[in-house]
Amino acid sequence: MAVFLLPAVLFMGAVFLLPLLVVVYTSFSEGGFTLQHYRELVSRPLYLLVLKNTLEISGLSTGLTLLLGFPVAYHLARQSPRRRAFLIIFVMLPFWTSILVKSFAFTVLLGQNGILNSAIAAFLGDGAKVKLLFNRVGVVIGMTHFLLPFMVFTILASLLTQNPDLRRAAEIMGAGPLRIFSRITLPLSMPGVLAGVLLCFILSMGMFVTPALLGGRTDIMMSNLVDFHVRETLDWGVASSLSVCLIVLTAIFTLLLARVRGGQLVPSD
Amino acid sequence: MSNQDDESVLSAKRPRISRRSFVIGTSLVAAPAVIIPNRALANQRIVFVSYGGSTQEAQEKTIIKAFREKTGIQVVTTSGPDAAKLKAQTRTGNIEWDVVNLIGSQAIAAGREGLLERIDYSIVDSSDMFLEKKETTLPWYSYGGGIGFDPKRHPAGKHPRNWAQFWDVKGIPGRRALRSRPDETLEFALMADGVPAKKLYPLDMDRAFKSLDRIKPHVAKWIAETPQTITLLQNNEIDFVPTYSGRIEAAKKQGVALDYVYENNIVTPSFMCVVKGTKTKDAAMKLVNYFLRPDLQAAFCNMMGYTPVKRSAMPLLTAEVRGQQPELDAPGTAVTDVEWWADHASEANKRFKEWLISG
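This one's a predicted model, so the numbers in the text were calculated from it and none came from an experiment.

Chemist: What is the right way to read the overall build of chain B from this model?
Modeler: Looking only at helices and strands, one finds 15 helices and 11 strands in chain B. Counting over 359 residues, chain B shows a buried share of 50%. Summed over its atoms, the accessible surface of chain B is roughly 16,100 Å², and 51% of this surface lies on carbon and sulfur atoms.

Chemist: So what exactly am I meant to see when it comes to the interface of chain B and chain A here?
Modeler: Accessible area lost on assembly of the parts is the figure often given for the size of an interface. The interface is formed by 37 residues belonging to chain B together with 34 residues belonging to chain A. Summing both partners gives a buried area of about 3,000 Å² for chain B against chain A, and 60% of it is carried by carbon and sulfur. Its largest share of buried area at the contact with chain A, chain B owes to B:K350, B:K353 and B:I357, together 21% of the area lost on that side. Where chain B meets chain A, there are three salt bridges. Note that A:R44 is salt-bridged to B:E347, the shortest N-O span being 3.1 Å. Applying the counting criterion to the chain B and chain A interface returns 15 residue pairs in polar contact (both at pLDDT 80 or more). Of all the secondary structure elements, the ones that give two or more residues to the side of chain B that touches chain A are α5 (83–92), α6 (105–112), β6 (219–223), α10 (227–234) and α15 (338–357) of chain B. Examining the composition of the side of chain B that touches chain A, we find that 10 residues originate from one element, α15(B), more than from any other.

Chemist: It is not clear to me how the environment of A:P149 should be interpreted in this structure. Could you clarify?
Modeler: Residue and element names in this part refer to chain A. Relative to the helices and strands, P149 is located in helix α7 (residues 136–160). On the basis of relative accessible area, P149 is assigned to the buried category, the value being 0%. Measuring from C-alpha to C-alpha, the distance between P149 and T65 comes to 9.1 Å, with 84 residues separating the pair along the chain. Not counting chain neighbours up to four residues away, the residues in contact with P149 comprise V91, P94 and F95.

Chemist: Help me understand the confidence of the model for chain B, please; the structure alone is not making it clear to me.
Modeler: Do not read the fine detail of predicted coordinates wherever pLDDT is low. On average, residues of chain B score 87 in pLDDT, and 88% of them reach the 70 mark or higher. Here residues 1–42 of chain B is modelled with pLDDT under 50, and outside its nearest four sequence neighbours on either side it reaches 15 contacts, counting other chains as well.

Chemist: How should I be thinking about the side chain of A:E40 in this particular structure?
Modeler: Along the chain, the position of A:E40 falls in helix α2 (residues 36–43). Within polar-contact distance, the side chain of A:E40 engages the side chain of B:K350 at 2.7 Å. Not counting residues up to four positions away in its chain, the partners in contact with A:E40 are A:Y47, A:V238 and B:K350.

Chemist: Please explain empty space enclosed by the protein as it appears in this structure.
Modeler: Empty space among the atoms becomes apparent when a probe as large as a water molecule is rolled across them. Per the stated rule, a full pass over the model turns up one cavity of 30 Å³ or more. What the largest cavity holds in volume is close to 30 Å³. Around the largest cavity sit A:L46, A:Y47, A:L225, A:F228, A:H229, B:N349, B:K350 and B:K353, which together line it. For the lining of the largest cavity, the secondary-structure elements that each account for two or more residues are α3 (45–77) and α11 (222–231) of chain A together with α15 of chain B. Of the residues assigned to the lining of the largest cavity, the class counts are four nonpolar, two polar and two charged.

Chemist: Is there a simple way to explain a nonpolar patch on the surface in this structure?
Modeler: Residues and elements named next belong to chain A. Nonpolar side chains collect at one region of the surface, where M1, V3, F4, L5, L6, V9 and L10 lie side by side and expose about 840 Å² of accessible area between them. Turning to its location among the elements, V9 is positioned in helix α1 (residues 6–28). By relative accessible area, which is 53% here, V9 ends up exposed.

Chemist: For this particular structure, what's the right way to read the packing of aromatic side chains?
Modeler: Aromatic ring pairs are defined here through the distance separating the ring centres and the angle between the ring planes. Residues and elements named next belong to chain B. Evaluation of the coordinates by the stated rule reveals 29 aromatic pairs over all chains. Residues Y141 and Y306 carry aromatic rings whose centres are separated by 4.5 Å and whose planes lie at 10 degrees to one another, so their mutual orientation is stacked. Here Y141 is found in strand β4 (residues 137–149), whereas its partner Y306 is found in the loop between α13 (294–304) and β10 (307–308), with 165 residues between them in sequence. Of the two residues examined, Y141 and Y306, each falls in the buried class. Here the aromatic cluster, defined as three or more aromatic residues joined through ring pairs, consists of F48, W140, Y141, Y143, Y244, F291, F300 and Y306. Lying over the aromatic face of F166, R176 brings its terminal NZ or CZ to 5.7 Å of the ring centre. Here the guanidinium or amino end of K216 rests over the ring plane of W355, the centre of that ring lying 4.3 Å away.

Chemist: Honestly, helix α9 (residues 205–215) of chain B in this entry has me stumped. Any pointers?
Modeler: Helical periodicity: at 3.6 residues per turn, an α-helix aligns residues three or four positions apart in one direction. Residues and elements named next belong to chain B. When α9 is considered as a whole, its buried residues turn out to be M205, A208, F209, S211, L212 and I215. Projection of α9 onto a plane perpendicular to its axis shows the buried side chains occupying an angular sector of 160 degrees, all on one side. Close packing links the buried residues of α9 with α7 (163–167), β5 (176–179), α8 (185–192), β6 and α15. With a side-chain oxygen lying 3.4 Å from the backbone nitrogen of D206, the N-terminal cap of α9 falls on D204.

Chemist: Is there a simple way to think about the pairing of strand β2 (residues 74–79) of chain B in this case?
Modeler: The side chains of a regular strand alternate, residue by residue, between the two faces of the sheet. All names here are of chain B. Of the strand pairs in this sheet, strand β1 (residues 45–50) and β2 are connected by six bridges, and their pairing is parallel. Among the inter-strand pairings, S50 is bridged to a residue of β2, identified as S79. Taken together, β1, helix α4 (residues 53–71) and β2 constitute a β-α-β crossover, and its handedness is right-handed.

Chemist: How should I be thinking about the packing of α8(B) against α15(B) in this particular structure?
Modeler: All names here are of chain B. Across the interface, α8 lies against α15 with an axial gap of 11 Å and an inter-helix angle of 80 degrees. Looking at the two axes, α8 sits roughly perpendicular to α15. Contacts from T185, L186 and E187 in α8 reach W341, A348 and F352 in α15.

Chemist: How should I be thinking about the environment of A:A105 in this particular structure?
Modeler: Residue and element names in this part refer to chain A. By the element assignment, A105 lies in helix α5 (residues 99–110). Here A105 falls in the partly exposed class, since its relative accessible area comes to 44%. Between the C-alpha atoms of A105 and E30, which are 75 residues apart in sequence, the distance is 45 Å.

Chemist: Looking at this model, I keep getting lost on unusual backbone geometry. Mind explaining?
Modeler: Residue and element names in this part refer to chain B. Going from Y201 to P202, the amide bond is cis rather than trans, its omega being -5 degrees. A positive phi angle, close to 80 degrees, is found at E184, a residue other than glycine. Here E184 is to be found in the loop between β5 and α8. Positive phi, close to 60 degrees, is recorded for N236, a residue that is not glycine. Among the secondary structure elements, N236 is positioned in the loop between α10 and β7 (241–244).

So, how was this worked out
Residues numbered from 1 in each chain as written. Chains lettered and ligands numbered in written order. Predicted model: local features only at pLDDT ≥ 70, side-chain atom pairs only at ≥ 80, totals over all residues. Heavy atoms only, no water. Helix = DSSP H or I, 4+ residues; strand = E, 2+ residues; numbered from the N terminus. Buried < 20%, exposed > 50% of the residue type's maximum accessible area, 1.4 Å probe, protein only. Areas by Shrake-Rupley, 256 points an atom, 1.4 Å probe, with all protein chains shown as cover. Contact = heavy atoms within 4.5 Å. Buried area = accessible area lost by both parts, 1.4 Å probe. Salt bridge = Lys/Arg side-chain N within 4 Å of Asp/Glu carboxyl O. Polar contact = N/O pair within 3.5 Å; in protein donor to acceptor, adjacent residues only side chain to side chain. pLDDT = per-residue confidence, 0-100. 1 Å grid on protein atoms, 1.4 Å probe; cavity = no way out; pocket = protein on both sides within 12 Å on 5 of 7 lines; lining within 4 Å. Points joined across faces, edges and corners; volume = space filled by probe spheres on them. Nonpolar A, V, L, I, M, F, W, Y, C, P; charged D, E, K, R; others polar. Patch = residues over 30% accessible without salt bridge, like charges linked within 9 Å, V, L, I, M, F, W, Y side chains within 5 Å. Phe/Tyr/Trp six-rings, centres within 6.5 Å; stacked < 30°, edge-to-face > 60°. Lys NZ or Arg CZ within 6 Å of the ring centre and 35° of its normal. Arc of directions from axis to C-beta. Pairing = 2+ DSSP bridges. Right-handed = clockwise from strand over helix to strand, strands pointing away. Axes fitted to C-alpha atoms, helices over the stretch in contact; angles between N-to-C directions. Parallel < 35°, antiparallel > 145°, perpendicular 65-115°, else oblique.

Okay, structure coming up:
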């Protein structure tokens, strides 16, 4: 059976692993072996500040996505397959619009003169307006909006694999809905939750257009700096060392999460 | 599947061609295309890369059309010029591009990395230009950056006309936006602080950041993507923003009534470059020369509203387009020193981002 994996392994080796090795190599070379690109990263506060931002923004967005996404996935899991298929279309909607267009829509909705703030001003006066854009709040709203489908689908998949007999058995034994949820549904969905969290966290570590469009002046992401070094200064050494740091950090995060669950990242029966 | 099957199928279809002549024939036809696609049509075909959209359309309709008709040389156009892609091509020896349009210091950086051929000034006529020619990069048009605003909210007298007024948040009330990058922003800060537009370089960074400190608390949004300069004005989220004349004029044409100040602009050149290792160097130089022809320059700029680099193209502009030009020789107009930026982009960007992120 393993032989059927060969095409995928070869494909990933050629288009993913090999380029990745080139990136690692580039990060250590400048004529010969050097650590100067990594020294650059600790030589000034910029990179650490941006790293802190990246982790904060990714963490906040992933957390909020989980809070919003779990109930949606739970609700979807309890629908008939036909109704679920229909409702899933709405979950996928954010995928179908470009971020530039979405940022325009967000401005119309959340801006100082946007629909939401106009409504607030109409009821509570101008002083009650809230700043929802061009700050951390705007970034987290925009990123959550993007991440939500990833979280919902991952959790939904894990909820759908749960054996309904378990719930029925608990019901027969006299457990209420709250107890069934907290003792059966939630614990059994944890692999899905962790996979969703991981997926969203990794995705958000690599984002930078959304923070740039909806964020304030402090919302600069690591990928932003990678992009800058690749395209503007053509300094691929520093760009590579930044990428390697991002990959290593994300890998550590993945391993830590995997440890928490005893290596169980996929739902098992 | 054996080769025998393949051959019998082929020979069945083409009974008159012997197997040997078929094999030789097909390999002769196919080999250059498969093995060395770039050489296959040498001297007849140039790949030209530009920024796509309306700019590229205008280039095709004017300059490239004339070049094709006169020389018979085929020009294939594609979009998305990028110094990083250029570097990848020359590094791997897989040269896909011949002539590239690059903006600002990216062109200079590409030249210094050794990614560009020297311009052959025996073919390219570089006389009578507003801007200085370089060894590997040739300016061919320029575009102005300045203050954009909404004339309905801020009629004449209520909007800043120069960078000193843009910085004067008490004198001219309104929400400001600036760009989240140092190029142009540092220049604006220095002009706001009283440095004459023609004496900006080398930029006094300490002074620029001190000037930026004054406006920092009053900036509603630091914009990363150029389209947002227009949409935020349009959505009434900001009042005054550094943007480009071309963007404002394009918005006007689409019925969005914004306006632009042509005084105290900063002008950035757009460069023609020939890729190092091109197989069609002479043809490429000829194409570059067409981009410098005054009549074609004027035809292109009349469509786009940009400023031609040849002085002799200026009288050929329509009255409307001439009204949309920052005056290059005017004392209030700055010209981006792309060489300075190529030297200092890295340091300036790091310092700017650090400044932006803290305090």
